[in-house]
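Spelled out from the first residue to the last, the chains are:
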Amino acid sequence: MLQSINARAVLVSLVLLVVTLGLWQLSHTSSEADTEMTEYERLMGGAEPQAKVPPPSEIIGLAAKELSNPFYDAGPNDKGIGIQLGYSIYRVLTGFGLAALVAIPLGFLIGMSPLMYKALNPFIQILKPISPLAWMPLALFIIKDSEASSIFVIFICSIWPMLINTAFGVAGVRKDWVNVARTHELTPMNTAFQVILPAAAPTILTGMRISIGIAWLVIVAAEMLVGGTGIGYYVWNEWNNLDLTSVIFSILMIGLVGMLLDMALATATRFVQYQE
Amino acid sequence: MAEQHFLEVRHLGKRFDTDHGELTVFDDVSFGLDKGEFVCIIGHSGCGKSTILNVLAGLDSPSGGEVYMAGKEVRGPSLERGVVFQNYSLLPWRSALSNVEFGVRARFPGWGKAKVREHSLRYLHMVGLKDGAEHRKPAALSGGMRQRVSIARAFATQPQLLLLDEPFGALDALTRGTIQDELLRICAETHQTVFMITHDVDEAILLADRILLMTNGPFARVAESVKVSIERPRDRTTIVHDPGYYPIRTHLVDFLVSRSRELSERDDAVRDAGHAREVRAEAMAPVEVDPAADARAEAAGLVRAQGPDPHAPPPLKAVNGN
């Protein structure tokens with residue numbers, strides 16, 4: 001039954017894909033003029049009265065070309081999609097990693113101590129809703145480096161979900177388990193690592209998963225701002241080149257990488273998940 | 001002080017601040033446990049049994065009074081006092097074996113990996129967990145199995161005092177019976193000193209050497225200490241035929257149904273009259289009762305005593321007589 005449901009879901013997905021792409025493709029070709037074009041018309045982009053979104057066939061063609069050689073580097077404005085994505089992933093993982101190093105221990109502290117929770121809560125509540133990009137000018141001024149500034153923006157946007165989820169998970173550890181640690185005379189360190197961390201791990205990982213999702217959303221915008229390298233810069237650069245085929249291709253690549261990052265964290269969550 | 005027990009509980013009291021002023025759950029609770037003794041405590045909900053157990057465990061601190069174990073004051077939790085909680089309190093991300101190993105490693109930090117495993121497996125086998133069940137996570141075990149793991153963990157740390165907080169409360173009658181048998185057997189082997197909370201009168205009679213009876217809260221106190229002089233080894237199926245069984249059972253049920261309330265009301269009256277000291281004096285020494293011995297003495301002298309008892313066991317009793 002389950003397998004047949006999976007099989008049917010795949011079938012429905014494929015049908016939706018084919019129908020959407022087919023309609024898209026058809027809408028493009030149907031309006032194409034049958035008459036012979038003059039050379040001038042051809043030079044002007046097919047004599048279309050209006051520029052059109054390129055059809056899927058063109059995007060697939062470009063994808064095949066780009067993905068067959070993703071790591072070429074022909075100067076600042078012509079790098080392979082792999083290199084651009086690589087820059088973005090590097091920035092996201094660095095900012096995210098630094099955020100985890102700060103957020104998880106701090107979240108532990110907040111979760112364990114009602115005093116620290118109350119003391120830090122106002123700061124968290126004010127800092128959390130700030131759009132990470134709002135930090136960008138300040139970061140550029142203080143850090144004076146666009147690369148490091150975009151990493152800082154990732155850091156600041158990934159920190160909140162991890163911090164809040166860690167505090168929430170740690171504060172919510174069942175008192176019985178803490179009592180088990182106490183009756184077994186565990187040191188505070190051992191209690192933290194052997195009881196509280198595994199107990200709160202699923203909640204912490206969920207926070208990390210939310211964080212990496214947000215970080216991947218923000219990096220595109222951040223790179224559009226700072227420019228130079230990265231998938232966000234690539235999208236904006238292709239827009240300036242009026243190369244919509246590349247824009248759509250890179251949008252799809254952003255989605256693909258985002259999905260892979262989310263799946264990685266989802267897999268990690270499964271490893272620490274437990275059933276009560 | 002008359003005599004020094006292994007565990008001495010003196011004038012224990014617990015008060016909470018509530019919106020309506022101070023609430024005294026129990027007051028001036030004093031009793032002692034000897035080494036190797038199995039003591040059950042029975043009382044209605046709200047009389048503070050669990051709080052007393054938590055104080056003995058070191059997880060809760062009393063508002064007044066003190067607890068001494070082996071001459072030393074109890075302050076904070078210790079591996080010398082193992083606890084089995086009603087909800088098992090197993091760490092769900094660890095397997096049954098790993099849960100026991102957790103306790104063993106905490107108790108014997110110097111032991112090697114193999115020794116910890118061997119010791120843990122021995123205790124798991126003792127409570128009947130084998131054939132792969134020891135490698136399952138608690139979620140994949142039945143309630144009875146989980147409580148067995150919890151008991152194994154407590155015994156494996158070899159505490160001087162074992163505290164059981166209604167360990168079988170959440171189990172079905174059949175499972176409860178078999179685990180009671182296990183506990184009975186293990187205690188006989190290890191001479192473990194046990195303090196146990198229960199709501200089940202029959203369970204208390206089966207397991208305990210002595211049963212402490214608490215009056216109703218607030219201002220609960222230990223009113224009686226009932227000695228269970230039914231001989232060991234005891235057996236769940238035949239213990240009901242012991243001539244001492246029903247007198248004790250009737251005595252306990254009577255207490256729970258009426259005397260616990262009557263005594264509380266009397267305490268209240270005395271307290272209202274401003275004679276707190278009087279209640280105090282009585283509370284310091286629970287009345288010692290041994291209905292089983294009384295019944296035996298009667299059975300030896302007079303046949304009359306057994307006739308009119310409405311709970312009298314079936315005729316089989318004569319065969320099983322002491």
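The structure we're discussing is the one just above.
Anyway, here's the lowdown on the structure attached to this text.

Rules used throughout
- Residues numbered from 1 in each chain as written.
- Chains lettered and ligands numbered in written order.
- Predicted model: local features only at pLDDT ≥ 70, side-chain atom pairs only at ≥ 80, totals over all residues.
- Heavy atoms only, no water.
- Helix = DSSP H or I, 4+ residues; strand = E, 2+ residues; numbered from the N terminus.
- Buried < 20%, exposed > 50% of the residue type's maximum accessible area, 1.4 Å probe, protein only.
- Areas by Shrake-Rupley, 256 points an atom, 1.4 Å probe, with all protein chains shown as cover.
- Contact = heavy atoms within 4.5 Å.
- Buried area = accessible area lost by both parts, 1.4 Å probe.
- Polar contact = N/O pair within 3.5 Å; in protein donor to acceptor, adjacent residues only side chain to side chain.
- Nonpolar A, V, L, I, M, F, W, Y, C, P; charged D, E, K, R; others polar.
- Core = buried A, V, L, I, M, F, W, Y, C linked by side-chain atoms within 4.5 Å.
- Salt bridge = Lys/Arg side-chain N within 4 Å of Asp/Glu carboxyl O.
- Pairing = 2+ DSSP bridges.

1. As for the overall build of chain B
Phase 1 of the analysis: Looking only at helices and strands, chain B has ten helices and eleven strands in total.
Phase 2 of the analysis: The 322 residues of chain B split such that 52% are buried.
Phase 3 of the analysis: When the accessible surface of chain B is summed, it comes to about 14,400 Å², and 52% of that surface belongs to carbon and sulfur atoms.

2. Some remarks on the overall build of chain A
Phase 1 of the analysis: Assigned secondary structure in chain A consists of eleven helices and zero strands.
Phase 2 of the analysis: When the helices and strands of chain A are listed from N to C terminus, the series reads α-α-α-α-α-α-α-α-α-α-α.
Phase 3 of the analysis: By the burial criterion, 39% of the 276 residues in chain A qualify as buried.
Phase 4 of the analysis: Nonlocal contacts in chain A, meaning residues at least 24 apart in sequence, comprise 72% of its contacts between residues at least 6 apart.
Phase 5 of the analysis: Working note: accessible area of chain A is about 15,900 Å², and carbon and sulfur atoms make up 70% of it.

3. Comments concerning the interface of chain B and chain A
Phase 1 of the analysis: Taken together, the contact between chain B and chain A spans 20 residues of the former and 17 residues of the latter.
Phase 2 of the analysis: Taken together, the two surfaces of chain B and chain A that pack against each other cover about 1,700 Å², and 66% of this comes from carbon and sulfur.
Phase 3 of the analysis: Linking chain B to chain A there are five residue pairs in polar contact (both at pLDDT 80 or more).
Phase 4 of the analysis: The element best represented in the side of chain B that touches chain A is helix H2 (residues 96-107) of chain B, accounting for three residues.
Phase 5 of the analysis: Counted by class, the side of chain B that touches chain A contains twelve nonpolar, six polar and two charged residues.

4. Details of helix H10 (residues 231-240) of chain A
Residue and element names in this part refer to chain A.
Phase 1 of the analysis: Among the ten residues in H10, seven count as buried, and that is most of the element.
Phase 2 of the analysis: Turning to H10, its buried residues number three or more, namely Ile 231, Gly 232, Tyr 233, Tyr 234, Val 235, Asn 237 and Glu 238.
Phase 3 of the analysis: Buried-residue contacts for H10 involve helix H3 (56-68), helix H4 (81-112), helix H9 (188-226) and helix H11 (244-272).

5. Brief notes about the nonpolar core
Phase 1 of the analysis: Among the nonpolar cores identified, the biggest contains 93 residues, and Met208(A), Trp216(A), Leu7(B), Phe31(B), Ile52(B), Phe195(B) and Met214(B) are the most heavily contacted of them.
Phase 2 of the analysis: For this core, the element with the most residues is H9(A), which contributes 15 residues.
Phase 3 of the analysis: The next biggest cluster of nonpolar side chains, apart from the first, holds 58 residues, and it includes Cys40(B), Tyr88(B), Met126(B) and Leu141(B).

6. Some thoughts on unusual backbone geometry
Phase 1 of the analysis: Cis rather than trans, the peptide bond between Arg232(B) and Pro233(B) has omega equal to 0 degrees.
Phase 2 of the analysis: With respect to the helices and strands, Pro233(B) occurs in the loop between strand E10 (222-227) and helix H7 (245-272).
Phase 3 of the analysis: Positive phi, close to 50 degrees, is recorded for Glu185(A), a residue that is not glycine.
Phase 4 of the analysis: Take Glu185(A): it is sitting in the loop between helix H8 (175-183) and H9.
Phase 5 of the analysis: A residue is classified by how much of its surface remains accessible, and Glu185(A), at 44% relative accessible area, is partly exposed.
Phase 6 of the analysis: Look at His191(B): it is not a glycine, yet its phi comes out positive at around 55 degrees.
Phase 7 of the analysis: Checked against the element boundaries, His191(B) lands in the loop between helix H5 (173-190) and strand E8 (193-197).

7. Here's the deal with the pattern of salt bridges
Pairing between side chains of opposite charge can happen when the charged atoms of each approach one another.
Residue and element names in this part refer to chain B.
Phase 1 of the analysis: Per the stated rule, a full pass over the model turns up 25 salt bridges over all chains.
Phase 2 of the analysis: A salt bridge links Arg 107 to Glu 80; the nearest nitrogen and oxygen atoms lie 3.4 Å apart. Here Glu 80 lies in the loop between strand E5 (72-73) and strand E6 (81-84) and Arg 107 lies in helix H2, a separation of 27 residues in the sequence.
Phase 3 of the analysis: Classification of Glu 80 as partly exposed rests on a relative accessible area of 23%.
Phase 4 of the analysis: Arg 259 is paired through a salt bridge with Glu 224; the nearest N and O atoms lie 3.3 Å apart. Placement of Arg 259 in helix H7 and of Glu 224 in strand E10 is noted, with a sequence separation of 35 residues between them.
Phase 5 of the analysis: Taking the relative accessible area as the measure of exposure, Glu 224 reaches 9% and is therefore buried.
Phase 6 of the analysis: Shared partners join several salt bridges into a network, and the residues in it are Arg 148, Glu 182, Arg 185 and Glu 189.

8. A word on the pairing of E8(B)
Remark: a regular strand shows side chains that alternate across the two faces of the sheet.
All names here are of chain B.
Phase 1 of the analysis: The element E8 is extensively covered by neighbouring structure, given that five of its five residues are classed as buried.
Phase 2 of the analysis: Neither face of E8 is left uncovered, since the one carrying Thr 193, Phe 195 and Ile 197 and the one carrying Val 194 and Met 196 both have all their residues buried.
Phase 3 of the analysis: In this structure, strand E3 (residues 38-42) lies alongside E8, joined through four bridges in parallel fashion. Each bridged residue has a counterpart across the sheet, and for Cys 40 the counterpart in E8 is Met 196.
Phase 4 of the analysis: In the sheet, strand E7 (residues 161-165) pairs with E8 via five bridges, with the strands oriented parallel.

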